[in-house]
Amino acid sequence: MADFLLTQANLPFTLSLTFVLILGAFEAFSLCTGFSLVGALDNWAPSDVDVGSHGAGPSEVNGLTEIATWLCLDRLPLLIWFVLVAVSFSITGYSCNYISLTLSNALLPQSATLPIALFVTAFCCRYIGALVARILPKNESSAVSIDGLLGRVGTVTIGCAIKGNPSEAIVKDQYLQQHYVLVEPELVGIEFNSGTQVVLLRRQGMVWSAARFDS
């Protein structure tokens, strides 16, 4: 068994599974000290992670947002989503090599197993992630409409927003739930770079006019 797990063909999947075990051990230890890695990682991600490139246009922003939504990245705590990805990736890779070893007495090369594992992992995120999101406890009274974000402070995550060329921002409502929105400066000549904090002023269609937030 150990030889199967540690063989070169299974190395990416073993590393992925090891990552999950380390996270689980760290989370168990951190809970004993009153600190939750799940909550900390979820709070850290919106303001510190730049998921796009500078100068991204609205169509690219929309595309990235749709991909993140399809993968249930906006419906699960970030740590749980990472664990789902790592476990799905590992199980798929191991399964491919186990089936290959059973049928042909040889392991598949990584050039074959990695694309298969990534493909299956994406669908696991989509469907298993949606199931997990429904199971996770939530407060039904905390649902907030998009217009309820008026006056909330968000952080630009992608590109450089200018008037007529919005960029994506993450906004937390009063229940600390995250919302992905498109923002642009209220006035011409102002730019919102990645990491800029803005205040949502008014919405036209899918785009919010915003002003720079000075704390």
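Residues numbered from 1 in each chain as written. Predicted model: local features only at pLDDT ≥ 70, side-chain atom pairs only at ≥ 80, totals over all residues. Heavy atoms only, no water.

Q: Please clarify how the sheet that holds strand β2 (residues 167-172) should be interpreted in this entry.
A: Whether parallel or antiparallel, the strands of a sheet pair through hydrogen bonds between backbone atoms. Strand order in the closed barrel made by the five strands is β1-β2-β3-β5-β4, with mixed pairing throughout. Mean inter-strand twist for the sheet, computed between neighbouring axes without regard to direction, equals 55°. The sheet contact formed by strand β4 (residues 197-204) and strand β5 (residues 207-212) spans six bridges and is antiparallel. Paired with Val 198 across the strands is Arg 212, a residue of β5. (Pairing = 2+ DSSP bridges. Helix = DSSP H or I, 4+ residues; strand = E, 2+ residues; numbered from the N terminus. Axes fitted to C-alpha atoms, helices over the stretch in contact; angles between N-to-C directions.)

Q: Got a minute to help me understand the nonpolar core in this structure?
A: In a soluble, globular protein the nonpolar side chains are often hidden away together inside. Leu 149, Val 156, Ala 161, Ala 169, Val 171, Val 181, Val 183, Phe 192, Val 198, Leu 200, Trp 208 and Ala 210 together form the largest nonpolar core, which totals twelve residues. Put simply, the parts of the chain that give this core at least two residues each are β2, β3 (178-185), β4 and β5. Once residues within four sequence positions are removed from consideration, Val 171 is found in contact with Leu 149, Arg 152, Val 153, Gly 154, Gln 177, Gln 178, His 179, Val 181 and Leu 200. Residues Leu 76, Trp 81, Leu 84 and Ala 133 belong to the second largest nonpolar core, which totals six residues. (Core = buried A, V, L, I, M, F, W, Y, C linked by side-chain atoms within 4.5 Å. Buried < 20%, exposed > 50% of the residue type's maximum accessible area, 1.4 Å probe, protein only. Contact = heavy atoms within 4.5 Å.)

Q: Any chance you could explain unusual backbone geometry here in plain terms?
A: Glycine aside, the phi torsion of most residues is negative, and most peptide linkages are trans. Despite not being glycine, Cys 72 shows a phi value in the positive range, around 65°. Looking at where Cys 72 falls in the secondary structure, it is placed in the loop between α4 (58-70) and α5 (78-104). Assessed through its relative accessible area of 0%, Cys 72 is described here as buried.

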